[in-house]
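Structural characterization, general
Spelled out, the chains give:
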Amino acid sequence: DSGVTQTPKHLITATGQRVTLRCSPRSGDLSVYWYQQSLDQGLQFLIQYYNGEERAKGNILERFSAQQFPDLHSELNLSSLELGDSALYFCASSAGTSFQETQYFGPGTRLLVL
Amino acid sequence: DAKTTQPNSMESNEEEPVHLPCNHSTISGTDYIHWYRQLPSQGPEYVIHGLTSNVNNRMASLAIAEDRKSSTLILHRATLRDAAVYYCILRDVHQGGSEKLVFGKGTKLTVNP
């Protein structure tokens, strides 16, 4: 158990819809990272937040957005969903800002867009 | 995008040592070499990391070449629970200082009973 929790575990929705994925980092960690894992693309970094502020951006689509709240939990919002958004979404956390630090990953949310 | 090269797959027998190689010829002087693994249906899990010297922890050992252009993850006695995809990762730094971890395709390790 990494100490990172993600909800929900599974999500099934239709194209065009909007969903919100939630992540709670390990106690004491200030950074939250979001990753997308699809069969053809592997694990792709989407975005990082540190103590409520956006810190780094990866391959995140404009239809996707994230935020980190004062209690440090984070939400990833996916809108105008397409079939290709079906994937596993992982959240990770670390103590500080550097990508050199160990990241602790949650169990993931499996999103299926029909 | 990925700065590391790993074999797509490897196979081992239970209770035997496993050596998982990784090439990272473009590594910079300040980059740590990170290893994560992903068991089936789970999120990635940290295994080990190092900079220059060989490193040991309860999960594995990391042997780093003197020129740092390659490294080897060593599982001393493979168990069935070690069957996973193993990722060797460097930090990717872009112009302007933005960074990210780039997970390549990794090495899928199969452990035979």
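The preceding data block contains the structure.
Counting restarts for each chain: residues are numbered from 1 in the order of the written sequence. Going through the entries in the order they are written, you letter the chains from A and number the ligands from 1. With the structure being a predicted model, the display of local features is reserved for residues of pLDDT at least 70 and the display and counting of side-chain atom pairs for 80 or more, all residues being used for whole-chain, interface and lining totals. For side-chain calculations, the full set of non-hydrogen atoms in the structure is used, while hydrogens and water are omitted.

Observations concerning the packing of aromatic side chains
Put simply, two rings from Phe, Tyr or Trp (the six-membered ring, in Trp's case) pair if the centres are within 6.5 Å, and we call them stacked under 30 degrees between planes, edge-to-face over 60, tilted for the rest. Scanning the model with the defined rule gives 11 aromatic pairs over all chains in all. Plain terms: the ring middles of Tyr35 of chain A and Phe103 of chain B are 5.8 Å apart, the flat faces sit at 80° to each other, and that makes the pair edge-to-face. With Tyr35 of chain A in strand β4 (residues 31–38) and Phe103 of chain B in the loop between β10 (99–101) and β11 (107–112), this pair bridges two chains. For the pair Tyr35 of chain A and Phe103 of chain B, one class covers both residues: buried. Through pairs of rings, three or more aromatic residues link up here, namely Tyr33, Tyr35, Phe45, Phe99 and Phe105 of chain A together with Tyr36, Tyr46, Tyr87 and Phe103 of chain B. Two thresholds decide whether a charge sits over a ring: the Lys NZ or Arg CZ must be within 6 Å of the ring centre and within 35 degrees of the ring normal. Just above the ring of Tyr104 of chain A sits the side chain of Arg26 of chain A; from NZ or CZ to the centre is 3.7 Å. Secondary structure follows DSSP: runs of H or I at least 4 residues long count as helices, runs of E at least 2 residues long count as strands, and numbering of each begins at the N terminus. For every residue, the accessible area obtained with a 1.4 Å probe (protein chains only) is divided by the maximum for its type, and the residue is called buried under 20%, exposed over 50%, and partly exposed between those limits.

Things to note about the environment of Tyr32 of chain B
Secondary-structure assignment places Tyr32 of chain B in the loop between β2 (18–23) and β3 (33–38). On the basis of relative accessible area, Tyr32 of chain B is assigned to the partly exposed category, the value being 30%. Remark: the alpha-carbon pair of Tyr32 of chain B and Thr52 of chain B, spanning 20 residues in sequence, is separated by 8.2 Å. Only heavy atoms matter for contacts: two residues are in contact if any of them lie within 4.5 Å across the pair. Ignoring any residue separated from it by four or fewer positions in sequence, one finds Tyr32 of chain B in contact with Gln100 of chain A together with His49, Gly50, Leu51, Ile89 and Leu90 of chain B.

Section: the sheet that holds strand β4 (residues 45–50) of chain B
Residue and element names in this part refer to chain B. A pair of strands is labelled paired if DSSP reports no fewer than 2 bridges between them. The mixed open sheet is built from five strands, whose spatial order is β1-β11-β8-β3-β4. Each edge of the sheet is formed by a strand with only one pairing partner; in this case those strands are β1 (9–13) and β4. The mean inter-strand angle of the sheet, taken between neighbouring strand axes irrespective of direction, is 25°. Two strands pair when backbone bridges link them, and β3 and strand β8 (residues 84–89) are joined in this way by five bridges, in the antiparallel orientation. Bridge assignment links Gln38 to a residue of β8, and that residue is Val85. The convention used is that axes are lines fitted to C-alpha atoms, helices contributing only their stretch in contact, and that angles between N-to-C directions extend from 0 to 180 degrees.

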